[in-house]
Amino acid sequence: MNLINSLINKLEKAPIIYLCAALFFVTFFVYSNSLLNGFVWDDEEQVVNNQIIKNVANIPYLFTSSTFNTGGAGLSGYSYKPLMPLTFSIVNIFFGTNSFGFHLTSVFLHFLNATLLFILLKKLLELGRYKDTKIISFLLSLIFIIHPANSESVAYISSTQELLYTFFLLLSLLFTVNYFLDKNKYFIPILLFVFLSLLSKESGIIGIPIIIVLVFLFKKEALRRMTIGLSATLLFYLILRFPIANTPFLSYSNIIPIANTSLINRALTMPYEIFSYLRIIFFPKDLFVAQYWVINSIFDWRFFIPLLLIIFLLISLKLKIKKVSKISIFYFVWLLCSFSIILNIYPLDMTFAERWLYGPFTPFLGLISIAYNNLEKKQQQIFLLVLLLISPLLMTRTIIRNSDWKDNLSLFSKDIKSTKESFASYNNLGVASFRNNNQQDAKKYFQESIELSPNWWTPYNNLGAVYQREGDIKRAKELYAKSIEKGN
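Being a predicted model, the structure only gives us computed values, none of them experimental.

The subject of this paragraph is the overall build of the protein chain. Secondary structure assignment for the protein chain yields 22 helices and zero strands. Relative to a compact globule of 488 residues, whose C-alpha radius of gyration would be 23 Å, the protein chain shows 23 Å and is just as compact. Based on the C-alpha atoms only, the size of the protein chain along its principal axes is roughly 75 × 50 × 45 Å. Split into buried and exposed, the 488 residues of the protein chain put 55% on the buried side. Taking the intrachain contacts of the protein chain between residues at least 6 apart in sequence as the baseline, contacts between residues at least 24 apart amount to 72%. When the accessible surface of the protein chain is totalled, it reaches about 22000 Å², and 65% of it is carbon and sulfur. Here the protein chain holds 44 positive side-chain charges and 29 negative ones, and the gap between their average locations is 10 Å.

Set out below in structure tokens:
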């Protein structure tokens, strides 16, 4: 324990700038192997084939149209995330269609988010008048950097939206804490950063309720002004999104299982979703993309076992927590708001995605910082020792996972072993095999994708391409016609 005490003393005395430099070094060390990865999965549509981002004259168009899901065909999707294609446009100016520049941007944003998290954790602990602020805030920010759960958000270029909305959300919260000291100086920046978070991804909407809660807890006299300001910000965003950008309201794909099941089945699926997110936080061994499972029965073990575990965890926490602080209330509300948007209460485009945990991971670490401050001195030392011991393991797992994102063949050939029901993974692996001139494997994977999702037009089209290459024009035509029929 002498080593731990020595480390604590050194870190507590270290200037903030040195600790931020350490975060920078660790970020680029862990993600250096992702910088040479190629474009993977939706990156081809979002970047490579997207002609919109390749001309700066199109930038105003990004804010007056829905965010694309059809690549070069234009902006015709049902999402509204203009800051992501804007970021891609800026990166394209300097790097062209070179994946290195896009990966470099993601890694740098991850560093910025870790730095903002470090400062925010420290400031909130100080606001709550906790004694140990710097050491735990720094180490938890370090965990945020190296944790494998965040690999998908950083290594996958199309996840830039996760990095951006979290960046502006953390900025808005930092300025809210400063607002308590000087409300006239920081009011407008708070509204601006909430607005930019919303423009980065719809998940940025959680900034509104959690800022209101934070103000209610610590500066009630400013609550009315903040509520009016945030409401006006939301109204402006909604006007921009719907009447101006003409984005569809409450629209989702008809091929996604979780989106086409009942609200009851989505509710049955939630315990396993929560369990799955907790699993990759505490045991991130198996990581894979494109998960579409749905729980249809209360007798499915994926419903009742996770539910019992969650109930047990909540009861245990209630018994352990003797005093609830304002900061812990804030973090808990933030965590609830964050999870409410990723549990398919409103149906999303898949059941579970590791990248969706990126934002919610921050209030989870905030609660850990509170729990740490409630421990006895000896327990704190043990906790810090555990963090130090698991850090090399987390770092190694992240570096390995980054390498999976090298290309489509590497990613989906590994992930398909863990996610047998993923029609998208089979289709993407088929595309990678087709490009590798492995027609037999491509045919097998496309057929598997069709069996799993018979109403999705894409694998019919891709399987038609296989038959066309083989010279079976009649079969190719049949599949192309089927693709047109399914794709409306």
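There's plenty left to go through after this.
Gaps left between atoms show up when a probe the size of a water molecule is rolled over them. Applying the stated criterion to the full structure yields one cavity of 30 Å³ or more. Of the pockets and cavities examined, the largest cavity occupies roughly 40 Å³. Lining the largest cavity are Leu 139, Leu 142, Ile 143, Leu 387, Leu 388 and Ser 391. If you list the elements that add at least two residues to the lining of the largest cavity, you get helix H7 (134–146) and helix H17 (377–404). A breakdown of the residues in the lining of the largest cavity according to their chemical character gives five nonpolar, one polar and no charged.

Under the defined criterion, the tally for this structure stands at 14 salt bridges. A salt bridge links Glu 44 to Arg 435; its shortest N-O distance comes to 2.6 Å. Here Glu 44 is found in helix H3 (residues 43–48), whereas its partner Arg 435 is found in helix H19 (residues 423–435), with 391 residues between them in sequence. Each of Arg 401, Asp 404, Lys 414 and Asp 415 takes part in a single network of salt bridges with overlapping partners.

For the rest of this paragraph, the subject is helix H9 (residues 160–179). Taking 1.5 Å per residue, 20 residues should reach 28 Å; H9 reaches 28 Å between its end C-alpha atoms and fits that length. The buried count for H9 comes to 19 of 20 residues, which makes it a mostly enclosed element.

What follows covers the packing of aromatic side chains. Counting across every chain of the model gives 36 aromatic pairs. Relative to Tyr 156, the ring of Trp 41 lies with its centre 5.2 Å away and its plane at 15 degrees, an arrangement referred to as stacked. With Trp 41 in the loop between helix H2 (16–30) and H3 and Tyr 156 in the loop between helix H8 (151–155) and H9, this pair connects stretches of sequence that are 115 residues apart. The residues Trp 41 and Tyr 156 share a single accessibility class, namely buried. Taking the centre distance of 6.2 Å and the plane angle of 45 degrees together, the rings of Phe 361 and Phe 364 count as tilted.

Moving on, we come to the nonpolar core. Counting residues in each nonpolar core, the largest one holds 138 residues, and the members touching the most others are Trp 41, Leu 173, Phe 330, Trp 334 and Leu 384. Residues in contact with Phe 330, not counting those within four places in the same chain, are Leu 124, Leu 173, Ile 210, Leu 214 and Leu 217.

On to the environment of Phe 195. By secondary structure assignment, the location of Phe 195 is in helix H10 (residues 183–200). Considered as a pair, Phe 195 and Thr 115 are 80 residues apart in the sequence and their alpha carbons are 21 Å apart. Apart from the residues within four sequence positions on either side, Phe 195 is in contact with Thr 233, Phe 236, Tyr 237 and Leu 240.

Time to look at the environment of Arg 469. As for its placement among the helices and strands, Arg 469 is situated in helix H21 (residues 457–470). Taking the C-alpha atoms as reference points, Arg 469 and Gln 439, separated by 30 residues in sequence, lie 8.6 Å from one another. Residues in contact with Arg 469, not counting those within four places in the same chain, are Phe 434, Asn 437 and Gln 439. A distance of 3.3 Å separates a polar side-chain atom of Arg 469 from the backbone oxygen of Phe 434.

Now for the packing of helix H15 (residues 326–340) against helix H16 (residues 361–373). One way to put it is that H15 packs onto H16 with a least axis distance of 8 Å and a crossing angle of 155 degrees. Viewed along their axes, H15 and H16 adopt a mutual orientation that is roughly antiparallel. Regarding H15 and H16, the two cross each other, and that crossing is left-handed. Across the interface between the two elements, Ile 327, Ser 328, Tyr 331, Phe 332, Trp 334, Leu 335 and Ser 338 from H15 touch Thr 362, Pro 363, Phe 364, Gly 366, Leu 367, Ser 369 and Ile 370 from H16.

This paragraph deals with the confidence of the model for the protein chain. Segments scoring low in pLDDT should not have their predicted coordinates read at a detailed level. On average, residues of the protein chain score 92 in pLDDT, and 96% of them are at 70 or above. Model confidence for the protein chain, summarised as mean pLDDT per element, is weakest for helix H1 (residues 2–13) at 75 and strongest for H8 at 98. Here residues 70–74 scores under 50 on pLDDT; set against residues more than four positions off or in separate chains, the count is 10 contacts.

Structurally, Asn 265 can be placed in helix H13 (residues 263–282). Residues contacting Asn 265, with those up to four places away along its chain left out, are Val 294, Ile 295 and Asn 296.

Rules and cut-offs
For every chain, the first residue of its written sequence is number 1, and the numbers climb from 1 along that sequence. Two thresholds apply to this predicted model, a pLDDT of at least 70 for residue-level local features and 80 or more for giving and counting side-chain atom pairs, whereas whole-chain, interface and lining totals are computed over all residues. Computation of side-chain values covers all heavy atoms of the structure but excludes hydrogens and water. The way it works is that DSSP assigns letters per residue, a run of H or I at least four long becomes a helix, a run of E at least two long becomes a strand, and they are numbered from the N terminus. Here the radius of gyration uses the C-alpha set of atoms, whereas the globule reference equals 2.2 Å times the residue count to the power 0.38. The buried label applies to any residue whose accessible area, calculated with a 1.4 Å probe on protein chains only, is under 20% of its type's maximum; exposed applies above 50%, and partly exposed to all values in between. Residue contacts are counted whenever heavy atoms from the two residues lie within 4.5 Å of one another. Calculation of accessible area relied on Shrake-Rupley with a 1.4 Å probe; when residues are assessed, cover is drawn exclusively from the protein chains displayed. Neither His nor the chain termini are counted; the positive set is Lys and Arg, and the negative set is Asp and Glu. To locate a charge, the coordinates of NZ of Lys, CZ of Arg, CG of Asp or CD of Glu are taken. A cavity here means a set of points on a 1 Å grid, drawn over the protein atoms and nothing else, where a 1.4 Å probe fits but cannot get out; a pocket is an open set with protein on both sides within 12 Å along at least five of seven lines, and a residue lines either one if it has an atom within 4 Å of a point. Grid points are joined across faces, edges and corners, and a volume is the space filled by probe spheres set on the points. Put simply, Ala, Val, Leu, Ile, Met, Phe, Trp, Tyr, Cys and Pro go in the nonpolar bin, Asp, Glu, Lys and Arg in the charged bin, and everything else, Gly too, in the polar bin. Salt bridge criterion: a side-chain nitrogen from Lys or Arg within 4 Å of a carboxyl oxygen from Asp or Glu. Take the number of residues in a helix, subtract one, and multiply by 1.5 Å to get its expected span. Each Phe, Tyr or Trp ring, with Trp reduced to its six-membered ring, pairs with another whose centre is within 6.5 Å; inter-plane angles below 30 degrees give stacked pairs, above 60 give edge-to-face pairs, and intermediate values give tilted ones. For the purposes of this section, nonpolar cores are sets of buried Ala, Val, Leu, Ile, Met, Phe, Trp, Tyr and Cys residues that join through side-chain atoms within 4.5 Å. A 3.5 Å cut-off defines polar contacts: any pair of N or O atoms within that distance qualifies, except that in protein one atom must be a possible hydrogen donor and the other a possible acceptor, and neighbouring residues in sequence count only when both atoms are side-chain atoms. To obtain an axis, a line is fitted to C-alpha atoms, over the contacting stretch when the element is a helix, and the angle between two such axes runs from 0 to 180 degrees between their N-to-C directions. Working rule for angles: under 35 degrees goes down as roughly parallel, over 145 as roughly antiparallel, 65 to 115 as roughly perpendicular, anything else as oblique. In this scheme, a crossing is called left-handed if the near helix is turned counterclockwise away from the far one by less than a right angle; it is called right-handed if the turn is clockwise. The score called pLDDT rates the predictor's confidence residue by residue, from a low of 0 to a high of 100.

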